[in-house]
Amino acid sequence: MNDATADAVAGALLAADCFKVRVNPPFRLVSGLEAPFYIDCRQVLGHPQSRGIVIEHMVARARALAPFDVVAGGVTAGVPFATLIADRLDLPLAYVRGEAKAHGLGTQIEGAAVSGRRVLLVEDLVTTGDSSLKFSRILRDNEAAVDQTLVVLDRSLDHCANRFGNAHLVMHSLCTIDVLLRRAHADGRVDAAAMGEIRSFLHDPGAWSVRRAG
């Protein structure tokens, strides 16, 4: 990860109000946990200047990766980022659903054919790595060659290294949660008390959530 890129992307995410802090009441995550912050990278789409910065760095990173033939976005949040990258690189675009459609052709991958082609998987955010691993399996089940994924923000603390490594998938991120937090604190967007709650949550999400629920 390039430090200048990470800082620029962190600044863009903050300018687009992607990073939201709320200790009381906390946010309810899809996992069911309570959390003192929430990150919504999709906010970038409605902020042209931030969107331009993020896509500029995504395209630059994509150009530096091993060659690929198709850009694929994971539904839903990864699709607009994949679309912009594919357009800038003049490459075919596909998008991957978590489940096959229950009507029509019953397809799970739309757009470009992926069989026998090298695919770059694009997502906005990685927390546990579950969605990236699922999308990569779906692509591989459709005979695509997938060994790298590009994400805007790595929100995991261990960078999912073991899980991705076991799946023969390399994650390339523009920014990490640590860089985002440092920039948010430096810009005065998060005070010391809230930052302490965020760090406590990241250290042990389950325990923090139980304390808040109690």
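Residues numbered from 1 in each chain as written. Predicted model: local features only at pLDDT ≥ 70, side-chain atom pairs only at ≥ 80, totals over all residues. Heavy atoms only, no water.

**Regarding the pairing of strand β8 (residues 118-126)**
The element β8 is extensively covered by neighbouring structure, given that eight of its nine residues are classed as buried. Where strand β5 (residues 70-74) lies against β8, four bridges are found, and the strand directions are parallel. Within β8, the residue paired with V71 across the bridge is L120. As paired strands, β8 and strand β9 (residues 145-154) are joined by seven bridges and run parallel to one another. Bridging from a neighbouring strand, L125 pairs with L153 of β9. Each parallel crossover has a hand, and the one from β8 via helix α4 (residues 130-141) to β9 is right-handed. (Buried < 20%, exposed > 50% of the residue type's maximum accessible area, 1.4 Å probe, protein only. Helix = DSSP H or I, 4+ residues; strand = E, 2+ residues; numbered from the N terminus. Pairing = 2+ DSSP bridges. Right-handed = clockwise from strand over helix to strand, strands pointing away.)

**Regarding the packing of helix α7 (residues 192-203) against helix α8 (residues 205-213)**
Two numbers describe how α7 lies on α8: the axes approach to 5 Å, and their chain directions differ by 120°. In terms of their interaxial angle, α7 and α8 are classed as oblique. Here E197, S200, F201, L202 and H203 of α7 lie close against α8, whose contacting residues are P205, W208 and R211. Partitioned by chemical class, the residues of the contact of α7 with α8 number four nonpolar, two polar and two charged. (Axes fitted to C-alpha atoms, helices over the stretch in contact; angles between N-to-C directions. Parallel < 35°, antiparallel > 145°, perpendicular 65-115°, else oblique. Contact = heavy atoms within 4.5 Å. Nonpolar A, V, L, I, M, F, W, Y, C, P; charged D, E, K, R; others polar.)

**Examining the layout of surface pockets**
Taken as a whole, the largest pocket holds about 880 Å³ of empty space. Residue lining of the largest pocket: 30 residues in total, with V30, L125, T127, T128 and S131 positioned closest to the centre. Elements that contribute at least two residues to the lining of the largest pocket include exactly β4 (37-39), β8 and α4. In terms of residue count, α4 provides more of the lining of the largest pocket than any other element does, five residues in total. Each residue belonging to the lining of the largest pocket can be placed in one class, and the counts come to 14 nonpolar, nine polar and seven charged. (1 Å grid on protein atoms, 1.4 Å probe; cavity = no way out; pocket = protein on both sides within 12 Å on 5 of 7 lines; lining within 4 Å. Points joined across faces, edges and corners; volume = space filled by probe spheres on them.)

**Points about the sheet that holds β5**
Across a sheet, paired strands are connected by hydrogen bonds in the backbone, their directions being either parallel or antiparallel. Spatially, β7-β6-β5-β8-β9-β10 is the arrangement adopted by the six strands of the open sheet, whose pairing is mixed. Two strands in the sheet have a free side with no partner beyond their single neighbour: β7 (109-111) and β10 (170-176). Along the sheet, successive strands turn relative to each other by an average axial angle of 25°, direction set aside. Across four bridges, the pairing between β5 and strand β6 (residues 93-96) is parallel. The residue bridging G73 from the neighbouring strand is Y95, located in β6.

**As for the side chain of S209**
Position of S209 among the secondary structure elements: in helix α8. The exposure class of S209 is buried, given its relative accessible area of 7%. A polar contact of 2.7 Å, which involves the side chain of S209, links it to the backbone nitrogen of E34. Not counting the four nearest positions on each side in its chain, S209 is found in contact with L33 and E34. (Polar contact = N/O pair within 3.5 Å; in protein donor to acceptor, adjacent residues only side chain to side chain.)

**A short note on the pattern of salt bridges**
Across all of its chains, the model carries 10 salt bridges by this definition. Between E99 and K134 there is a salt bridge; the shortest N-O distance is 3.0 Å. With E99 in the loop between β6 and β7 and K134 in helix α4, this pair connects stretches of sequence that are 35 residues apart. Taking relative accessible area as the criterion, E99 reaches 56% and is therefore assigned exposed. Owing to a relative accessible area of 31%, K134 belongs among the partly exposed residues under this scheme. Where salt bridges share partners, they join D7, R183 and D187 into one cluster. (Salt bridge = Lys/Arg side-chain N within 4 Å of Asp/Glu carboxyl O.)

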